[in-house]
Amino acid sequence: MTTHVPFTDNFTDLSNTEGFQFEFRCERCGNGYRSAFRRDPRAAGQKLARGLGNLFGGALAEFTSAADRLLDRGTNSPAKDDALRAATAEIGPLFHQCRGCSDWVCGDVCWNDGVGQCARCSPIPTEELAQLQAEARRRQLQERLETTDLTAGIAVDQQARPRCASCGAQSSGGKFCGECGASLNPVRRCPGCAYENPPTSRFCAECGTGLVA
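What counts, and at which threshold
As a convention, each chain's residues are numbered from 1 in the sequence order in which they are written. In view of the model being predicted, local features appear only for residues whose pLDDT reaches at least 70, and side-chain atom pairs are presented and counted only at 80 or more, with totals across whole chains, interfaces and linings using the full set of residues. As a convention, hydrogens and water are excluded, and side-chain values are obtained from all of the structure's heavy atoms. The way it works is that DSSP assigns letters per residue, a run of H or I at least four long becomes a helix, a run of E at least two long becomes a strand, and they are numbered from the N terminus. By definition here, a helix of n residues has an expected span of 1.5 Å times n minus one. Think of it in three bands: with a 1.4 Å probe and only protein chains considered, a residue is buried below 20% of the maximum accessible area for its type, exposed above 50%, and partly exposed in between. An arc is given here, and it is the one of the directions from the helix axis to the C-beta atoms. We call two residues contacting when some pair of their heavy atoms lies within 4.5 Å. Note on pairing: DSSP must find at least two bridges between two strands before they are called paired. Axis definition: a line fit to C-alpha positions, over the contact stretch in the case of helices; interaxial angles, taken between N-to-C directions, run 0 to 180 degrees. For every residue, the predictor reports its confidence as pLDDT, a number between 0 and 100. Stacked, edge-to-face and tilted labels apply to pairs of Phe, Tyr and Trp rings (six-membered ring for Trp) whose centres lie within 6.5 Å, assigned for plane angles under 30 degrees, over 60, and everything in between, in that order. Disulfide: a pair of cysteine sulfur atoms within 2.5 Å of each other. By the criterion applied in these results, polar contacts are pairs of N or O atoms within 3.5 Å in which, for protein atoms, one can donate a hydrogen and the other can accept it, and in which residues neighboring in sequence qualify only through two side-chain atoms.

Further remarks concern helix H3 (residues 78-91). If you check H3, its first and last C-alpha atoms are 20 Å apart, about what 14 residues at 1.5 Å a residue would give, namely 20 Å. When H3 is considered as a whole, its buried residues turn out to be Lys80, Ala83, Leu84, Ala87 and Ile91. One face of H3 carries all of its buried residues, which in axial projection span an arc of 100 degrees. Among the exposed residues of H3, those oriented more than 90 degrees off its buried face are Pro78 and Ala89. Of the surrounding secondary structure, the elements contacted by the buried residues of H3 are strand S1 (11-13), strand S2 (19-20), strand S3 (22-25), strand S4 (32-34), strand S5 (38-39) and strand S6 (95-97).

Printed below as a string of structure tokens:
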């Protein structure tokens, strides 16, 4: 009689040619555990046979190649079934299946043991309260910030210059450069009409007088 092999959808098969290993993950937070690696006893015999086949060649090499193919086809073999059973028994106690959403979740972080459901379906009161408090604080801070004047002392009618035109130093605000003392809002005054032009102007925007000697 065939023995059924229990399995879930929250694991990844990490088995290779040397043996079997499985990785189980929580379907809520993504944390997971790997089962202990179980070496496949057939792998050692296959490796020995492959070495002899390479050494002697001929019929023995053909036999070794057939053994390789047989082992490859034996991925869903009794040995692997046994390994999956052992891995499920080893890692299974660290997970719980929620009867609300059917997800498998880790017992350390995502399981509400008092209710018997995952923390998504039945949030843990203290954690949920902490989250709601954090959201309320964020909302209240934003409301207070919107009514607070953060621009006092800033000349908003002047062109902001993030770098000093004289020395190129990064500006942190104010009227003068903290590195060289030069004005952060320099102007080029027209000798004809006294209009204050931007420092890079070559002609006065008001009367057209040349500003570069």
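Still more to cover.
Taken together, 3 strands build an open sheet; the order of strands is S1-S3-S4 and the sheet is antiparallel. For this open sheet the edge positions go to S1 and S4, each flanked by a neighbour on one side alone. Averaged over all pairs of adjacent strands, the angle between strand axes in this sheet comes to 15 degrees, irrespective of strand direction. Where S1 and S3 come together, 3 bridges link them in antiparallel fashion. Note on S3: the bridge partner recorded for Thr12 is Glu23.

Looking at the element boundaries, Ser122 is found in the loop between strand S9 (117-118) and helix H4 (125-146). Its relative accessible area of 12% is what places Ser122 among the buried residues. Those residues in contact with Ser122 that lie beyond four places of it in its chain are Asn112, Val115 and Gln117.

On average, residues of the protein score 80 in pLDDT, and 77% of them reach the 70 mark or higher. Every residue in residues 67-74 is under pLDDT 50, and counting partners more than four places away or in other chains gives 7 contacts.

In this section: the packing of aromatic side chains. By the definition in use, this model includes 3 aromatic pairs. Within the aromatic cluster, the residues linked to one another by ring pairs are Phe11, Phe22 and Phe24.

So, about the state of the cysteines. Counted by the stated rule, this structure contains 0 disulfides. Cysteine Cys207 is unpaired, with the sulfur of Cys190 as its nearest cysteine sulfur at 3.5 Å. For Cys207, a relative accessible area of 41% gives the class partly exposed.

Now for the environment of Lys80. Locating Lys80 in the fold gives a position in helix H3. Accessibility expressed as a relative area gives 10% for Lys80, which makes it buried. A C-alpha to C-alpha distance of 8.5 Å links Lys80 and Gly19, two positions 61 residues apart in sequence. Side-chain polar atoms of Lys80 contact the side chain of Asp13, separated by 2.3 Å.

A few words now on the pairing of S3. Burial along S3 is one-sided: Phe22 and Phe24 are buried, and none of Glu23 and Arg25, which face the opposite way, are. For S3 and S4, the ladder comprises 3 bridges, and the chain directions are antiparallel. Its bridge partner being in S4, Phe24 is matched across the sheet by Tyr33. Between S3 and S4, which pair antiparallel one after the other, the connecting turn spans 6 residues, and Gly30 there sits at a positive phi close to 90 degrees.

With that settled, consider unusual backbone geometry. With a phi angle near 70 degrees, Ser102 is a residue other than glycine that sits in the positive phi range. A relative accessible area of 45% places Ser102 in the partly exposed class. Phi is positive for Ala194, which is not a glycine, with a value near 70 degrees. Examined against the element boundaries, Ala194 turns out to sit in the loop between strand S10 (188-189) and strand S11 (196-197).

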